[in-house]
Amino acid sequence: MYFYPDMKNLQPSDTARLPKVLVLGTGGTIAGVSTDHPAQGAYRAAALDIGQLVAAAPGIERLAALQAEQLASLDSKDMRVQVWGALASRIAAWREQPDVAGCVITHGSDTVEETAYFLQCVLPAGKPVVLTAAMRPATALSADGPRNLYDAVQVAASADAAGRGVLCVVHGRVHGACDITKAHPTALDAFSSGERGPLGFAGSQGVLFTRNVPAPNVACLLPIPPAQPWPRVELVSSHAGADGAMVRALLAASSRGELVPPLAGLVVQGTGGGTVHEDLQQVLNEAEATGVRVAYGSRVGGLQGGLYDGLNAVKIRIRLMLELAADRAN
Ligand code: ASP
């Protein structure tokens, strides 16, 4: 565990004036180290710890009194629900402390939108919870991680960020957890909030919110699933020639007891406006008749309106998993 600023060099009155922010490290490219020349692409994700990331962001200690903890060290393509559970519990406990302003999580860019949306579903709106990521490893030429981390701390320490739900700060933009998606494999500006656009900006001029979103409705909150394993929800896609063979295979394996936990839900990435190939639809109807919950999204982005308004399919999957877990607990 690291504390910033270094108390040895500061008077208690200096640190007392700063907002208190928790920074949780989980790995990702932001903590990556190049394995060849720093200008080339090869690197190992999750190689540095959170103390090293904070130390590489000059001036960050003037923004907030930071407490940095390493919660996990993984490439976020390998994200697991156990890490989500631990993150949510840690943040919930921390936010209860009266002198705490907010929390920052450093994360891999691949699944940051999933972790952000999961936290949005289980944490009440209140003190800022801000995720950040990077597209270049920490040792790359012009690494983007230090700037992104600096901006994320600015947002977490800002009173204006409170009550807006879980936020992601990358490349100078503040995105909402429901809207953000990774839209480019390599560009520094890899994230998009689609038609709705980012909520605001963070940079050398400070933090500016340009769009208001309604504070997330408390009625939409779902409990953190208490026990492992969480209900199994699989993602399937509709496409030319989609005949439901994948769904049939899942149903068969589940009924033979080969899937642990068994299949509880399916999310369909439909075409365009959420339409589904007729052959796949027939098998989905059969799945529903056996008690499997089926939810529909689109492979071209979030559908407007309805239960899963604006959510892409990976986020619908998280929502359905949490809903099924809540039903199981009741
Ligand atoms: N695979 C990396 C991760 O998600 C990519 C990144 O962080 O940019 O952890």
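Note: the structure precedes this text.
Residues numbered from 1 in each chain as written. Predicted model: local features only at pLDDT ≥ 70, side-chain atom pairs only at ≥ 80, totals over all residues. Heavy atoms only, no water.

Peer 1: Even after reading the chapter, I still don't get the pairing of strand 16 (residues 293–298), so can you show me in this structure?
Peer 2: Two faces belong to every sheet, and in a regular strand the side chains alternate between them. Alignment of strand 15 (residues 263–270) against strand 16, held across six bridges, turns out to be parallel. Within strand 16, the position partnered with Val268 by the bridge is Tyr296. Following the chain from strand 15 across helix 7 (residues 278–289) to the adjacent parallel strand 16, one finds a crossover that is right-handed. (Pairing = 2+ DSSP bridges. Helix = DSSP H or I, 4+ residues; strand = E, 2+ residues; numbered from the N terminus. Right-handed = clockwise from strand over helix to strand, strands pointing away.)

Peer 1: Explanation requested: the packing of aromatic side chains in the structure shown.
Peer 2: Aromatic ring pairs: the centre-centre distance and the angle between the two ring planes describe each pair. Considering all chains together, one arrives at three aromatic pairs under this definition. Plain terms: the ring middles of Trp84 and Trp230 are 6.5 Å apart, the flat faces sit at 40° to each other, and that makes the pair tilted. Placement of the pair is Trp84 in helix 3 (residues 81–95) and Trp230 in the loop between strand 13 (206–209) and strand 14 (232–237), with a sequence separation of 146 residues. On the numbers, 5.7 Å between centres and 35° between planes, the contact of Phe118 with Trp230 is tilted. In this pair, Phe118 is assigned in helix 4 (residues 112–122) and Trp230 in the loop between strand 13 and strand 14, connecting sequence segments 112 residues apart. Among the aromatic residues, ring-to-ring pairing joins Trp84, Phe118 and Trp230 into one connected group. In this structure, Arg164 is placed above the aromatic ring of Phe209, and the distance from its NZ or CZ to the ring centre is 3.9 Å. (Phe/Tyr/Trp six-rings, centres within 6.5 Å; stacked < 30°, edge-to-face > 60°. Lys NZ or Arg CZ within 6 Å of the ring centre and 35° of its normal.)

Peer 1: Which parts of the structure should I look at to understand the pattern of salt bridges?
Peer 2: Any two side chains of opposite charge can pair if their charged atoms end up close together. The tally for this structure, following the rule as stated, stands at 16 salt bridges. Residues Arg90 and Glu69 are paired through a salt bridge, measuring 2.7 Å at the closest nitrogen-oxygen approach. Within this pair, whereas Arg90 is found in helix 3, its partner Glu69 is found in strand 5 (residues 65–74), the two being separated by 21 residues in sequence. For Glu69, a relative accessible area of 11% puts it in the buried group. Here Lys182 and Asp110 are joined by a salt bridge, their closest N and O atoms 2.8 Å apart. Note that Lys182 is positioned in strand 10 (residues 181–182) and Asp110 in the loop between strand 6 (100–106) and helix 4, a separation of 72 residues in sequence. (Salt bridge = Lys/Arg side-chain N within 4 Å of Asp/Glu carboxyl O. Buried < 20%, exposed > 50% of the residue type's maximum accessible area, 1.4 Å probe, protein only.)

Peer 1: Would you mind showing me how to read the layout of surface pockets here?
Peer 2: Remark: the empty space left among the atoms is shown by a probe the size of a water molecule rolled over them. Of the pockets and cavities examined, the second largest pocket occupies roughly 420 Å³. Looking at the second largest pocket, it is lined by 22 residues, and the ones nearest its centre are Thr181, Gly301, Gly302, Gly310 and Asn312. Looking at the lining of the second largest pocket element by element, the count peaks at three residues for helix 8 (residues 313–329). (1 Å grid on protein atoms, 1.4 Å probe; cavity = no way out; pocket = protein on both sides within 12 Å on 5 of 7 lines; lining within 4 Å. Points joined across faces, edges and corners; volume = space filled by probe spheres on them.)

Peer 1: Teacher, can you tell me more about unusual backbone geometry here?
Peer 2: When glycine is set aside, most residues are seen to have a negative phi, and most peptide bonds are trans. Following Val260, the chain continues to Pro261 via a peptide bond in cis, the omega torsion being -5°. If you trace the backbone, Pro261 turns up in the loop between helix 6 (245–255) and strand 15. Phi at Ala46 is positive, roughly 60°, even though this residue is not glycine. Here Ala46 shows up in the loop between strand 4 (43–44) and helix 2 (50–55). For Ala46, a relative accessible area of 16% corresponds to the buried category. With phi around 50°, Ser142 is a residue other than glycine that occupies positive phi space. Its location among the elements puts Ser142 in the loop between strand 7 (129–132) and helix 5 (145–156).

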